[in-house]
Amino acid sequence: MATANKNLSHYDKSTIPNAKEFRFGIVVSEWNDNITEGLYKGAIEALLDCGAIKENIMRWDVPGSFELIYGSKKMQEQQVDAVIAIGSVIQGETKHFDFVCEGVAQGIKDLNVLHDIPVIFCVLTDNTMQQAIERSGGIHGNKGAEAAIAAIKMAELRKNN
Ligand SMILES: Nc1c(NC[C@H](O)[C@H](O)[C@H](O)CO)[nH]c(=O)[nH]c1=O
Ligand SMILES: CC(=O)[C@@H](O)COP(=O)(O)O
């Protein structure tokens, strides 16, 4: 199902564990910060709405999405139950977009394989700024909220297994 067919901000609280006992680390890319700040806002609002305690949410900023890999690795070493990696990659004139997107996706995948703290991939990979706007609090909702719910669910899965 494409994003266009669902609202990224929609969730049913009755199906989500209470997040009050969990600690979250959020790593935010500074590239396209008009987008990443919107994603962060969506994530924070959803975490708090589902019971997370503000003092249990830690934020670090990194220069770009490619640095989300290292930042998330170091965040895994903190006393957190899940990490959310927030970025916005937008197609430019060259193939750099492809390498950044693939590199970040593979790097975050590797962190989930190598370490026991889940890292949620909250990285928009859009063709245009408009697409990014629509997915960070616009008509398609907020991928930050979607990532927050995933973080809660994965922290619960880790706690129970
Ligand atoms: N073009 C975008 C970038 N590029 C920067 C890289 O992420 C990285 O910081 C640089 O290559 C140095 O290692 N980053 C984004 O997050 N979004 C972009 O659209
Ligand atoms: C994703 C990028 O690195 C890209 O936005 C950079 O733009 P360009 O490909 O025009 O150098």
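Structure's up top.
Residues numbered from 1 in each chain as written. Chains lettered and ligands numbered in written order. Predicted model: local features only at pLDDT ≥ 70, side-chain atom pairs only at ≥ 80, totals over all residues. Heavy atoms only, no water.

Q: Where do I start with helix α3 (residues 96-114) in this structure?
A: Since the α-helix advances by 3.6 residues per turn, residues separated by three or four positions end up pointing in the same direction. In a regular helix each residue adds 1.5 Å, so 19 residues correspond to 27 Å; α3 covers 26 Å between its end C-alpha atoms and thus fits that length. Turning to α3, its buried residues are Phe 97, Val 100, Cys 101, Val 104, Gly 107, Ile 108 and Leu 111. One side of α3 carries all its buried residues, which in axial view fall inside an arc of 140°. Set apart from the buried face of α3 by more than 90 degrees, the exposed residues are Phe 99, Val 113 and Leu 114. Lining the buried residues of α3 we find α2 (68-76), β3 (82-90) and β4 (119-126). (Helix = DSSP H or I, 4+ residues; strand = E, 2+ residues; numbered from the N terminus. Expected span 1.5 Å × (residues − 1). Buried < 20%, exposed > 50% of the residue type's maximum accessible area, 1.4 Å probe, protein only. Arc of directions from axis to C-beta. Contact = heavy atoms within 4.5 Å.)

Q: It is not clear to me how unusual backbone geometry should be interpreted in this structure. Could you clarify?
A: Phi is mostly negative for residues that are not glycine, and the peptide bonds are mostly trans. The residue Asn 32 is not glycine, and still its phi comes out positive at about 55°. If you trace the backbone, Asn 32 turns up in the loop between β1 (24-29) and α1 (33-49). We classify Asn 32 as buried; its relative accessible area is 16%.

Q: When you look at the site of ligand 1 in this model, what are you seeing that I'm missing?
A: As a matter of local geometry, ligand 1 sits amid Ser 29, Trp 31, Asn 32, Gly 64, Ser 65, Phe 66, Glu 67, Ser 88, Val 89, Ile 90 and His 96. In the model, an oxygen atom of ligand 1 is placed 3.1 Å from a nitrogen or oxygen of the Phe 66 main chain. One of the backbone N or O atoms of Ile 90 is found 3.1 Å from an oxygen atom in ligand 1. When the free accessible area of ligand 1 is taken as 430 Å², the share hidden by the protein chains comes to 75%. When each cavity is represented as a set of grid points, ligand 1 is found to reside in the largest pocket. In terms of residue class, the shell around ligand 1 is built from four nonpolar, six polar and one charged. (Near = heavy atom within 4 Å. Polar contact = N/O pair within 3.5 Å; in protein donor to acceptor, adjacent residues only side chain to side chain. Areas by Shrake-Rupley, 256 points an atom, 1.4 Å probe, with all protein chains shown as cover. 1 Å grid on protein atoms, 1.4 Å probe; cavity = no way out; pocket = protein on both sides within 12 Å on 5 of 7 lines; lining within 4 Å. Sits in = over half its atoms within 2 Å of the grid points. Nonpolar A, V, L, I, M, F, W, Y, C, P; charged D, E, K, R; others polar.)

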